[in-house]
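# Geometric and topological summary
Below, each chain spelled out in residue letters.
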Amino acid sequence: MEWYQGVFELIDMRSFSNLWFWIALAVVWSSTSHWVLGVPFDMVVRARRKGGQAEEDLETIVRVNVNRMLMIARVSGLWIMGLVSFGLTGLVLLGWVYALEFAQALFLLAFPMTLVALLSLRTASRIEREMPRGEVLRQRLSRHRLVTQLIGTVSIFVTATWGMYQNMTFGALGA
């Protein structure tokens, strides 16, 4: 057996019948809902409970991350938007026109993450414009996390539904 044959057996390219795909989906959404604008959500909770230095730390790291995100968007946002649009369009064509299941799985991971990225940019620009502090900032971050979790929930539901359809249509073992 050649090494690439072993790799393709381990990493089954029929994504929706592969346990690794579902683990990756869970990890992506778990991480995405934990990191709000690049800030771990436990810092928000700690700032709410303790205040003082924890509150200052939260405000500082949010300010740094907001400035960084908006600078990247202003400098190369059009290029990033063009490349992401090209990539998503390519995945749609490969996935649904050419029936490549791996591309379908990647699209079902990438498209909702694009929505989260746009939501993050919107939240970051609002934070930059209003410069909230304290409870208002924590509420804004909590609301952002809630919407991210809603996007994740819908995404997981759609992905699971499409994956079950694929597995029932083509068989879980590729038959």
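The coordinates are above.
## Digging into the packing of helix α4 (residues 52-97) against helix α6 (residues 134-170)
In contact at an axis separation of 14 Å, α4 and α6 are set at 25° when each is read in the N-to-C sense. As judged from the angle between their axes, α4 and α6 are roughly parallel. You can see that α4 and α6 cross each other, and the crossing is left-handed. Together, E55, L58, E59, V62 and W96 of α4 and G134, L137, R138, L141 and W162 of α6 make up the contact between the two elements. For the contact of α4 with α6, a count of residues per class yields 6 nonpolar, 1 polar and 3 charged.

## A few points about the packing of aromatic side chains
Applying the stated criterion across every chain yields a total of 7 aromatic pairs. Ring geometry for F16 and W22: centres 6.4 Å apart, planes at 50°, overall tilted. Since its relative accessible area comes to 2%, F16 is described here as buried. Ring geometry for F107 and F111: centres 5.4 Å apart, planes at 15°, overall stacked.

## Quick look at the pattern of salt bridges
Counting across every chain of the model gives 7 salt bridges. In this structure, the salt-bridge partner of R138 is E55, at a minimum N-O distance of 2.4 Å. Of this pair, R138 sits in helix α6 while E55 sits in helix α4, and the two are 83 residues apart along the sequence. R138 sits in the buried class, given a relative accessible area of 8%.

## A look at the nonpolar core
In globular proteins that are soluble, nonpolar side chains generally tend to be buried together. In this structure, L37, L58, V62, V66, I127 and L141 are the most contacted members of the largest nonpolar core, which totals 16 residues. Those elements giving two or more residues to this core turn out to be α3 (41-50), α4, α5 (101-130) and α6. The dominant element in this core, judged by the number of residues it contributes, is α4, at 5 residues. Of all hydrophobic cores here, the second largest spans 14 residues; its members include W29, L88, A103 and L109.

## Some details on helix α2 (residues 19-34)
Because an α-helix packs 3.6 residues into every turn, residues spaced three or four apart end up facing the same way. Taking 1.5 Å of rise per residue, 16 residues should cover 22 Å, and α2 covers 23 Å from first to last C-alpha, within 8% of that figure. Within the sequence span of α2, burial applies to F21, L25, W29, T32 and S33. Projected down its long axis, α2 carries its buried residues within an arc of 95°, all on one side. Along α2, exposed side chains directed more than 90 degrees from the buried face belong to L19 and W20. Tucked inside the fold, the buried residues of α2 contact β1 (35-36), α5 and α6. Looking at where α2 begins, the residue whose side-chain oxygen comes 2.8 Å from the main-chain nitrogen of W20 is N18.

## So, unusual backbone geometry
Look at L37: it is not a glycine, yet its phi comes out positive at around 55°. Looking at the element boundaries, L37 is found in the loop between β1 and β2 (39-40). The class of L37 is buried, set by a relative accessible area of 4%. Non-glycine residue M131 carries a positive phi angle of around 45°. With relative accessibility at 64%, the residue M131 sits in the exposed group.

## Quick word on a nonpolar patch on the surface
On the surface, L93, L94, V97, Y98, L100, F102 and L106 cluster together into a nonpolar patch covering about 660 Å² of accessible area. Of all the elements, α4 adds the most residues to the nonpolar patch, at 3 residues. Considering the arrangement of structural elements, one finds L94 in helix α4.

Criteria and thresholds
- Residues numbered from 1 in each chain as written.
- Predicted model: local features only at pLDDT ≥ 70, side-chain atom pairs only at ≥ 80, totals over all residues.
- Heavy atoms only, no water.
- Axes fitted to C-alpha atoms, helices over the stretch in contact; angles between N-to-C directions.
- Helix = DSSP H or I, 4+ residues; strand = E, 2+ residues; numbered from the N terminus.
- Parallel < 35°, antiparallel > 145°, perpendicular 65-115°, else oblique.
- Left-handed = near helix turned anticlockwise from the far one by under 90°.
- Contact = heavy atoms within 4.5 Å.
- Nonpolar A, V, L, I, M, F, W, Y, C, P; charged D, E, K, R; others polar.
- Phe/Tyr/Trp six-rings, centres within 6.5 Å; stacked < 30°, edge-to-face > 60°.
- Buried < 20%, exposed > 50% of the residue type's maximum accessible area, 1.4 Å probe, protein only.
- Salt bridge = Lys/Arg side-chain N within 4 Å of Asp/Glu carboxyl O.
- Core = buried A, V, L, I, M, F, W, Y, C linked by side-chain atoms within 4.5 Å.
- Expected span 1.5 Å × (residues − 1).
- Arc of directions from axis to C-beta.
- Polar contact = N/O pair within 3.5 Å; in protein donor to acceptor, adjacent residues only side chain to side chain.
- Patch = residues over 30% accessible without salt bridge, like charges linked within 9 Å, V, L, I, M, F, W, Y side chains within 5 Å.
- Areas by Shrake-Rupley, 256 points an atom, 1.4 Å probe, with all protein chains shown as cover.

So far we have only geometry, and geometry alone does not tell us how the molecule works.
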